[in-house]
Amino acid sequence: MGGVDEGAILMVCTGNVCRSPLLERLVQRALDERYGSGAVPVRSAGTLALVGNPMDERAAGVLQGLGGDPDGFVARRLTEPMIASASLVLTATRDHRAQVSRMHPRAMKRTFTFPELAHILSRVPDEELPTTTDPHERLAELARLATTHRGRHRPASMDDLDIVDPFRREDEVYAAMGRQVEAAYPGVLRGLTGPNRAS
């Protein structure tokens with residue numbers, strides 16, 4: 001999908017054919033179930049996108065294995081207006097996070113790598129999570145909360161904040177990507193939908 005979506009969650013990787021569409025489709029499904037179809041748009045883009053391409057076939061297989069649907073996906077290039085309009089930006093790696101911040105510096109306080117957000121939220125007790133039932137208010141509160149807690153607890157390795165790029169690599173790298181996403185997904189979902197809804 002092209003254009004700008006106000007209040008969206010924006011997923012960012014390099015080619016926009018493996019990691020970010022995987023995240024987009026998984027999170028969109030969960031938010032549609034929680035808030036209603038399309039209530040919170042989830043989009044993705046790539047810093048060096050393979051514009052117009054469908055999702056990478058093996059990445060699509062990983063997505064399907066996690067219960068998602070790759071049908072109809074089309075890659076698009078990351079633009080500054082996409083970042084400016086997003087309520088939350090989740091990237092595949094720290095390098096992508098840095099690129100987003102360079103393109104739109106004010107987005108720094110609402111931009112995290114996907115595993116980073118999961119790691120931050122793993123240290124936040126349920127009672128500190130946003131309680132509002134309005135999804136857009138929840139996104140804004142979640143970004144503020146995560147920014148406050150950012151850097152307080154470092155992971156064992158900073159590489160744990162990144163999702164590996166499997167593009168044109170061995171099947172095992174695709175499997176590793178899937179495991180990384182699957183490990184971080186419940187923690188991110190807990191923040192996005194509430195502590196009793198992560199699954």
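Residues numbered from 1 in each chain as written. Predicted model: local features only at pLDDT ≥ 70, side-chain atom pairs only at ≥ 80, totals over all residues. Heavy atoms only, no water.

The chain appears in an unreviewed UniProt entry as Low molecular weight phosphatase family protein from Ornithinimicrobium pekingense. The Sequence similarities (unreviewed entry) comment attached to the chain in UniProt states, word for word, "Belongs to the low molecular weight phosphotyrosine protein phosphatase family." (UniProt positions renumbered as here; feature names shortened; annotations may be inferred.)

Could you give an account of the overall build of the chain, naming the residues involved and the relevant values?
Across its full length, the chain carries seven helices and four strands. Tracing the chain from N to C terminus, the helices and strands come up as β-α-β-α-α-β-α-β-α-α-α. For a compact globule of 199 residues, the expected C-alpha radius of gyration is about 16 Å, and the chain comes in at 15 Å, within 12% of that figure. Each principal axis of the C-alpha distribution contributes one length, and for the chain these read about 40 × 35 × 35 Å. Burial statistics for the chain: of 199 residues in total, 53% are counted as buried. The distance from the centre of the 25 positive side-chain charges to the centre of the 26 negative ones in the chain is 5 Å. (Helix = DSSP H or I, 4+ residues; strand = E, 2+ residues; numbered from the N terminus. Rg over C-alpha atoms; globule rule 2.2 N^0.38 Å. Buried < 20%, exposed > 50% of the residue type's maximum accessible area, 1.4 Å probe, protein only. Lys, Arg positive; Asp, Glu negative; His and termini not counted. Charge placed at Lys NZ, Arg CZ, Asp CG, Glu CD.)

How would you summarise the layout of surface pockets if you had to cite specific residues and measurements?
Reported here for the largest pocket is a volume of approximately 170 Å³. In terms of lining residues, the largest pocket is bounded by 14 residues, among which Glu116, Arg150, Gly151, Arg154 and Leu161 are the most central. (1 Å grid on protein atoms, 1.4 Å probe; cavity = no way out; pocket = protein on both sides within 12 Å on 5 of 7 lines; lining within 4 Å. Points joined across faces, edges and corners; volume = space filled by probe spheres on them.)

Any details on the nonpolar core? Residues and values, ideally.
Judged by nonpolar contacts, the single largest core of 46 residues is most densely connected at Ile9, Val27, Leu88, Leu90, Phe114, Met177 and Leu192. For this core, the elements supplying multiple residues, two or more each, are strand S1 (9-13), helix H1 (19-35), helix H2 (57-65), strand S3 (88-91), helix H5 (114-122), helix H6 (135-149) and helix H7 (171-193). Residues within four places of leucine 90 in sequence aside, it is in contact with Ile9, Leu10, Met11, Val12, Phe112, Phe114, Leu117 and Val188. Counting 10 residues, the second-largest nonpolar core is a separate cluster that includes Leu10, Val12, Met82 and Ala86. (Core = buried A, V, L, I, M, F, W, Y, C linked by side-chain atoms within 4.5 Å. Contact = heavy atoms within 4.5 Å.)

With reference to specific residues and values, describe the UniProt feature "domain: Phosphotyrosine protein phosphatase I" (unreviewed entry) in the chain.
The feature "domain: Phosphotyrosine protein phosphatase I" (unreviewed entry), as given by UniProt, occupies residues 7-195 in the numbering adopted here. Helix makes up 47% of residues 7-195 and strand makes up 9%, while its end C-alpha atoms are separated by 22 Å.

I'd like a rundown of the pattern of salt bridges, residues and numbers included.
Applying the stated criterion to the full structure yields nine salt bridges. Because the salt bridges share partners, they merge into one network encompassing Arg94, Asp159 and Asp162. (Salt bridge = Lys/Arg side-chain N within 4 Å of Asp/Glu carboxyl O.)

Quick one: what's the story with the environment of aspartate 171, residue by residue and with numbers?
Of note, aspartate 171 is situated in helix H7. Expressed as a C-alpha distance, the spacing of aspartate 171 and arginine 58, which sit 113 residues apart in the sequence, is 7.9 Å.

Which residues make up the packing of H2 against H7, and what values go with them?
Two quantities define a packed helix pair, namely the angle between the axes and the distance from one axis to the other. For the pair H2 and H7, the least separation of the axes is 10 Å and the interaxial angle reads 40°. Considered as vectors, H2 and H7 are oriented oblique to each other. Of the two elements, H2 crosses H7, and the hand of that crossing is right-handed. From H2, Arg58, Ala59 and Val62 reach across to H7, where they touch Asp171, Tyr174, Met177 and Gly178. Of the residues assigned to the contact of H2 with H7, the class counts are four nonpolar, one polar and two charged. (Axes fitted to C-alpha atoms, helices over the stretch in contact; angles between N-to-C directions. Parallel < 35°, antiparallel > 145°, perpendicular 65-115°, else oblique. Left-handed = near helix turned anticlockwise from the far one by under 90°. Nonpolar A, V, L, I, M, F, W, Y, C, P; charged D, E, K, R; others polar.)

Explain H6 residue by residue, including any values.
Its 15 residues give H6 an end-to-end C-alpha distance of 21 Å, which sits within 8% of 21 Å, the value for a rise of 1.5 Å per residue. Along H6, the residues classified as buried are Pro135, Arg138, Leu139, Leu142, Ala143, Leu145, Ala146 and His149. Considering only its buried residues, H6 is in contact with S1, H1, S3, strand S4 (111-113), H5 and H7. Capping of H6 at its N-terminal end is provided by aspartate 134; its side-chain oxygen lies 2.9 Å from the backbone amide nitrogen of histidine 136. (Expected span 1.5 Å × (residues − 1). Polar contact = N/O pair within 3.5 Å; in protein donor to acceptor, adjacent residues only side chain to side chain.)

Describe empty space enclosed by the protein, and please don't skip the residues or the numbers.
A probe as big as a water molecule, rolled over the atoms, marks out the empty space that is left. Per the stated rule, a full pass over the model turns up two cavities of 30 Å³ or more. Roughly 30 Å³ of volume is contained in the second largest cavity. For the second largest cavity, the full set of lining residues is Ile9, Leu31, Tyr35, Val40, Pro135, Leu139 and Leu192. Mapped by element, the contributors of at least two residues to the lining of the second largest cavity are H1 and H6.

Explain the side chain of arginine 25 to me, using residue names and the numbers behind them.
Positionally, arginine 25 belongs in helix H1. Reaching out from arginine 25, the side chain makes a polar contact with the backbone oxygen of aspartate 69 at a distance of 2.6 Å. Contacts of arginine 25, omitting those with residues within four sequence positions, involve Leu63, Asp69, Pro70, Asp71, Gly72 and Phe73.

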